[in-house]
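The chain contents come next:
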Amino acid sequence: MAHIRVRPNGRIQFDLHLYGQRFREGTKMTATPKNLNHAKAQLKKMNAEIDLGTFQYRDYFPDSKKTGKFESLQRTKHPDRCYPFFDSFADEWFDRQKSKWKNSYKNTVRLNIEGYLKPIFGNTLINEVTLAQVEYYRQDLMEQLKSDGSRKLSNRRINNIFWPLIAMISLASDEYKFDYPLRRYKALKEESADSHPMTIEEVERFLAVVPSEWHDYFVLRFWTGMRSCEVHGLYVEHLDFDHRLIRIRQNYVNGEICDVKTPKSRRDLKMCDTLYEVLSRVMTSKTDDSPFVFTTPKGKPIDTHYISQKLWYPTLKKAGLKRRRPYETRHTAAVLHIAAHENPLYISQMLGHSDTRLLFDVYAPYVANASRRDGSAFSKMMMEGNLQ
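Reading guide: rules and limits
- Per chain, the residues get numbers from 1 upward, laid out in the order the sequence is written.
- Per-residue local features of the predicted model are confined to residues with pLDDT of at least 70, and side-chain atom pairs are confined, for both listing and counting, to 80 or more; whole-chain, interface and lining totals are unaffected and use all residues.
- Where side-chain values are given, they derive from all heavy atoms of the structure, hydrogens and water being excluded.
- Any two strands between which DSSP finds at least two bridges are classified as paired.
- Each helix corresponds to a stretch of at least 4 residues labelled H or I by DSSP, and each strand to a stretch of at least 2 residues labelled E; elements are numbered beginning at the N terminus.
- Put simply, a nonpolar core is a bunch of buried Ala, Val, Leu, Ile, Met, Phe, Trp, Tyr and Cys residues held in one set by side-chain atoms that sit within 4.5 Å of each other.
- The classification of residues rests on relative accessible area computed with a 1.4 Å probe and restricted to protein chains. Under 20% of the type maximum is buried, over 50% is exposed, and intermediate values are partly exposed.
- Here the aromatic set is Phe, Tyr and Trp, taking the six-membered ring for Trp, and pairing holds for ring centres within 6.5 Å; pairs whose planes are under 30 degrees apart are stacked, those over 60 apart are edge-to-face, and all others are tilted.
- In this analysis the charged atom, NZ for Lys or CZ for Arg, is taken to sit over a ring once it is within 6 Å of the ring centre and within 35 degrees of the ring normal.

Colleague: Mind showing me how you'd approach the sheet that holds strand β8 (residues 267-270) here?
Modeller: The pairing of strands in a sheet happens through backbone hydrogen bonds and is either parallel or antiparallel. The strand order β4-β5-β8 describes an open sheet built from three strands, whose pairing is antiparallel. The open sheet has two edge strands, β4 (239-240) and β8, and neither has a second partner. The pairing of strand β5 (residues 245-248) with β8 spans four bridges and is antiparallel. Within the sheet, the bridge partner assigned to isoleucine 248 lies in β8 and is arginine 267.

Here it is in structure tokens:
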């Protein structure tokens, strides 16, 4: 049972006797009539749960160091409750999996667990998480709106939030031998990301007004389609001027050098005459001893946020161009290479794609006429064969 006591300092204290042990938890509430009434209401609820056998120490004292002791006694008394709480198992699962991930992805998973999953499921035994709970919470996230009325979280973002939960419960069901409750769970259908590549004329307008010291940096991005993290992680030693190759070997993400995104992303790009001249000029004008090809004016590695806020968006505005993500340099490179009738296999390899399917699924519609994929070539052939 639980009782209320007032300590000599005038603060309210809960005194609980559970499983033959005494638990005392102090509060910061002074013993005013209002606070006492509030404490008595809590006490009534506690005792009701203790009588029903549903009392969980962490529900009332989530930060208490005595929670572990209570749960140990509870499991000894009730072997059927020998399942971990979600928050404890989430921490264990994360520690077991984190060695498989890059630091940037590790941080993303941790933020999803701490920011979205633990607040909802943390105090639930891992075997008591239900499909209904998961789907109701997912619906709540889908209904969250920004100030402009648009959705706060996309389907892709929500799927990324929930996949650690699915993985945890699947593993726990195997290890603790309970029925997996999410067999009928289906991920949300993800929307295709819209791309907004630039035309040749728009690229010219952009390069005409970008700060001169960053002109060559953006030429490299528009000409090769390299990802931001690949350009920012490019070392001087990765430029092979003898064989005219740019060797993509690493990424720079969140202040750290890490492996490339996929095995196919590890590739060698050919330097055309333009890139050879641009990169030669960059190396000639380089005054710092940094291993990076491109650095900030202070000689530091480039941060993606710096490029976006200090260069990309201001230059778009100055050039009178539609606002779009810096990632559109990659889409632009793909579209312009297709329009120039380059070999699709070459373009896919340049971008680090595993095959050409993505190339045509995403980019081909933007260059239908330029790449003669509008049916005109077929019509011309049929007309020449008198098959009208």
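Still more to cover.
Colleague: I keep staring at the nonpolar core and nothing clicks. Help me out?
Modeller: Grouped together as the largest cluster of nonpolar side chains are 42 residues, with contacts concentrated most on Phe206, Phe218, Ile246 and Phe294. Taken together, the elements giving at least two residues each to this core come down to α8 (200-209), α9 (215-224), β5, α11 (273-285), α12 (304-319), α13 (328-339), α14 (344-351) and α15 (357-363). Sort the elements by how many residues they give to this core and α12 lands first, with six residues. Counting 30 residues, the second-largest nonpolar core is a separate cluster that includes Phe89, Tyr116, Leu141 and Met168.

Colleague: What exactly am I supposed to notice about the packing of aromatic side chains here?
Modeller: The geometry of an aromatic ring pair comes down to the distance between the two centres and the angle between the two planes. Using the criterion set out here, one finds 32 aromatic pairs in the structure. Their ring planes at 55 degrees and their centres at 5.9 Å tell us that phenylalanine 94 and tryptophan 101 sit as a pair that is tilted. As far as burial versus exposure is concerned, phenylalanine 94 and tryptophan 101 are alike and both buried. An aromatic cluster is built from Phe14, Tyr19, Phe23, Phe55, Tyr57, Tyr60, Phe61 and Phe70, whose rings are joined through pairwise contacts. One residue, arginine 244, lies across the ring of tyrosine 276, its end atom 4.0 Å from the ring centre.

Shape is all these values report; function is a separate question.
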